[in-house]
Amino acid sequence: MSAALTDLIAIRDLTRDHVDEILAGAREFLPIARRERASAPTLRGRIVCNLFLEDSTRTRLSFDLAAKRLSADVVDFTQEGTSVNKGESLLDTAQTLMALGVDLVVLRTSSSGAPTQLAREIDVPVLNAGDGWHQHPTQALLDAFTILEHRGSLDGLRMTIVGDILHSRVARSEVELMRMMGAEVTLVAPPTLQPPDVSAWGVRTTSDLEAELPETDVLYVLRVQRERMHRAFFPSTGEYARIWGVNADRLRLLPKDALLMHPGPVNRGVELSGTAMEDSRAVITEQVTNGIAVRMACLYLLLAGANRSEVSS
Ligand code: NCD
């Protein structure tokens, strides 16, 4: 068993043992996530707080289901009408959460670094469900899990991530986790959407998508994050789709046994065409279901690590 994990804020919080433990846990929980098995009593009596301060439907639902399938109680502290919007500081919110007696906080926020700040203020685990441009560790974990289900290993796997790398917390988590697991990552982005510090990421970068496709095992398409763009990074969405979008023509260049992934929600017709989404190599809906299992495993590792034998009960 690996060293106890106190918070999950960034991929760098995890050792390879933690990652293996989460992925193995997710495999055990998958039948519950898929509704093939009844929910488990593992986290009965625990209170998970979903503190979502940024618009999110899928990730909130995924965490909600993950906690409920493990029999935890879930309290929602969502953006609309919360006192965080009325000027309450994160510190005050932290004190309220502790006074309410929650056992774990899942935090989604547009503010990079807020989960780290919250973790300093409260003495229960903080699970980062995406903070600004910084990190989204459970997304990378569920993606690794999905790839493993198909390929068995990530070692030597060639992953191409295309799109809005600059604004993407998913890309940042993805690169760190995939490299830890032995995959080779190439980033493809318009020059305006490449982060200035990308040379320190330890990956190859290019702006020629078509040249990469024949050598790609996993094509990971990012959402164009319009809500994080405060100026024009490309002329129009039509222009973006023409140069960077993944469509049926481009998919002809991708090997037959490759995987096509996207973290959702998709801007249909922008980064992915409708036909691309229906391609037999697309595993986008599997990613969603696997996300529940992986989040169950993360909650379990953070909350019930000491009583491992309960997993299979
Ligand atoms: C991602 C996010 O919010 O960072 N989506 C998600 O978690 N469902 C990716 C994105 O918004 O592009």
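It should be noted that the structure appears before, not after, this text.
Thresholds applied
- Residues numbered from 1 in each chain as written.
- Predicted model: local features only at pLDDT ≥ 70, side-chain atom pairs only at ≥ 80, totals over all residues.
- Heavy atoms only, no water.
- Pairing = 2+ DSSP bridges.
- Helix = DSSP H or I, 4+ residues; strand = E, 2+ residues; numbered from the N terminus.
- Axes fitted to C-alpha atoms, helices over the stretch in contact; angles between N-to-C directions.
- Phe/Tyr/Trp six-rings, centres within 6.5 Å; stacked < 30°, edge-to-face > 60°.
- Buried < 20%, exposed > 50% of the residue type's maximum accessible area, 1.4 Å probe, protein only.
- Parallel < 35°, antiparallel > 145°, perpendicular 65-115°, else oblique.
- Left-handed = near helix turned anticlockwise from the far one by under 90°.
- Contact = heavy atoms within 4.5 Å.
- Nonpolar A, V, L, I, M, F, W, Y, C, P; charged D, E, K, R; others polar.

Student: Describe the sheet that holds strand E4 (residues 126–131), and please don't skip the residues or the numbers.
Tutor: The strand order E2-E1-E3-E4 describes an open sheet built from 4 strands, whose pairing is parallel. The open sheet has two free edges, formed respectively by strand E2 (73–78) and E4, since each of these has just one partner strand. If you compare each strand with its neighbour and ignore which way they point, the axes differ by 15° on average. Both strand E1 (residues 47–52) and E2 contribute to a ladder of 6 bridges, which runs parallel. Each residue of the ladder has a partner; that of Cys-49, found in E2, is Val-75.

Student: Explain the packing of aromatic side chains residue by residue, including any values.
Tutor: Applying the stated criterion across every chain, the model contains 1 aromatic pair. Plain terms: the ring middles of Phe-29 and Tyr-300 are 5.9 Å apart, the flat faces sit at 75° to each other, and that makes the pair edge-to-face. Here Phe-29, found in helix H1 (residues 16–33), pairs with Tyr-300, found in helix H11 (residues 284–303); they are 271 residues apart in sequence, far enough to count as distant. Taken as a pair, Phe-29 and Tyr-300 share a single burial class, namely buried.

Student: Quick one: what's the story with the packing of H1 against H11, residue by residue and with numbers?
Tutor: Contact geometry of H1 with H11 gives a least axis separation of 7 Å together with a crossing angle of 125°. Taken as axis vectors, H1 and H11 run oblique relative to one another. Crossing geometry of H1 relative to H11 is assigned as right-handed. Two secondary-structure elements touch here, H1 through His-18, Glu-21, Ile-22, Gly-25, Ala-26, Phe-29, Leu-30, Ile-32 and Ala-33 and H11 through Thr-289, Asn-290, Ile-292, Ala-293, Val-294, Met-296, Ala-297, Cys-298, Tyr-300 and Leu-301. Among the residues forming the contact of H1 with H11, the class breakdown is 14 nonpolar, 4 polar and 1 charged.

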